[in-house]
Amino acid sequence: MRAFAFALLLVAGPLEAQTAPLLPAPAAPATTPPPPVPTDPNNPASAYITAGQDEPGYRSWYLALPARAQQVRSFNDYLAGAQVAGVVPTWQLFRTATSWQQCGAQPFEIPPTEEWPNIVQTLRYVRDYVIPALGPVEPVSVYRNPTLNVCAGGAPESAHKLYSAIDMVPLRPITREAMMRTLCVDHSAHGDAYRAGLGFYAYMRFHVDSTKYRRWNMDPAVAAECPPIVHPEDAATIGQPIPTTPATTPPESPPASPAQAPPKTERGQPH
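What you are looking at is a predicted structure, and each value in this text was computed from that prediction instead of being measured.

A. Examining the pairing of strand E1 (residues 137-141) more closely. Counted residue by residue, E1 has five buried out of five residues, so it is predominantly covered. Taken together, the four bridges between E1 and strand E2 (residues 166-170) define a ladder with antiparallel strand orientation. Of the residues in E2, the one forming a bridge with valine 137 is proline 170.

See the structure below:
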């Protein structure tokens, strides 16, 4: 009899375990999406550049029209005369909007000569305070002609339309917070003298122009140390989308609130 009761216990144990309610699995902790992966592991900027706006794309664009050779030479001579040649590779200063394909525009464009003076002061600021603080940088979007500016959603007073703005990314490893903090310190001390605007977009992309002294889209943790000097609405501009993968580009979205992390898009970037 005792053996029989023991056998029942052996059976009842597993049945009880099988009928017990299952506890829900713990929720996965929220994570921040990883930054875009460079298509070229040796160049961090490649994650921010669409196919066709890379160096091979520039060579194809340059050779497509014979007249472009003389235009490029004239621009190089102009930069040399203004003593800002070599701050960044000249060809990168011809990059247009990241959304050039969707807008049926060119990946590169030499701005009208009357706009050339506007880039000089911006390059001076990049030379004097951005590169010494961060090391080498790569421009990923510079000039947008009026038609492209409308298609990309840029404000009428966009600094990119005036050829005063450069969106760029650092080429040396640095965190987003450290980049913001470093650039903000120098901008607070020297930006007013250059009429420099400083803005931050998704991940490591940031904006510099020389049309108005202002700052926008600071991460809250850094903004507490480097408070904004203007309201976000004073920074009229629009950004350009960053590819999520080497083969796709997400749609553009509205500018990010300075109280939120910037979206993984190029819009929301002062131009």
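Here the narrative resumes, following the displayed structure.
B. Representation of helix H2 (residues 55-64) in the model. Here H2 has its buried residues at Gly57, Tyr58 and Trp61. Down the axis, H2 shows its buried residues gathered within 100° of arc, on one side only. Those residues of H2 that are exposed and angled more than 90 degrees off the buried face are Ser60 and Leu63. For H2, the secondary structure elements touched by its buried residues are helix H3 (67-81).

C. A look at the confidence of the model for the protein chain. The share of residues in the protein chain with pLDDT of 70 or more is 72%, and the mean pLDDT across the chain is 80. Note on residues 240-271: pLDDT is under 50 here. Beyond four places in sequence and across chains, it has 123 contacts.

D. Inspection of unusual backbone geometry at higher detail. Phi at tyrosine 163 takes a positive value of approximately 60°, unusual for a residue other than glycine. Using a relative accessible area of 0% as the deciding quantity, one classes tyrosine 163 as buried. For tyrosine 203, which is not a glycine, the phi torsion comes out positive at approximately 60°. Looking at the secondary structure, you find tyrosine 203 in the loop between strand E3 (197-200) and strand E4 (206-209). Owing to a relative accessible area of 16%, tyrosine 203 belongs among the buried residues under this scheme.

Calculation notes
Residues numbered from 1 in each chain as written. Predicted model: local features only at pLDDT ≥ 70, side-chain atom pairs only at ≥ 80, totals over all residues. Heavy atoms only, no water. Buried < 20%, exposed > 50% of the residue type's maximum accessible area, 1.4 Å probe, protein only. Helix = DSSP H or I, 4+ residues; strand = E, 2+ residues; numbered from the N terminus. Pairing = 2+ DSSP bridges. Arc of directions from axis to C-beta. Contact = heavy atoms within 4.5 Å. pLDDT = per-residue confidence, 0-100.

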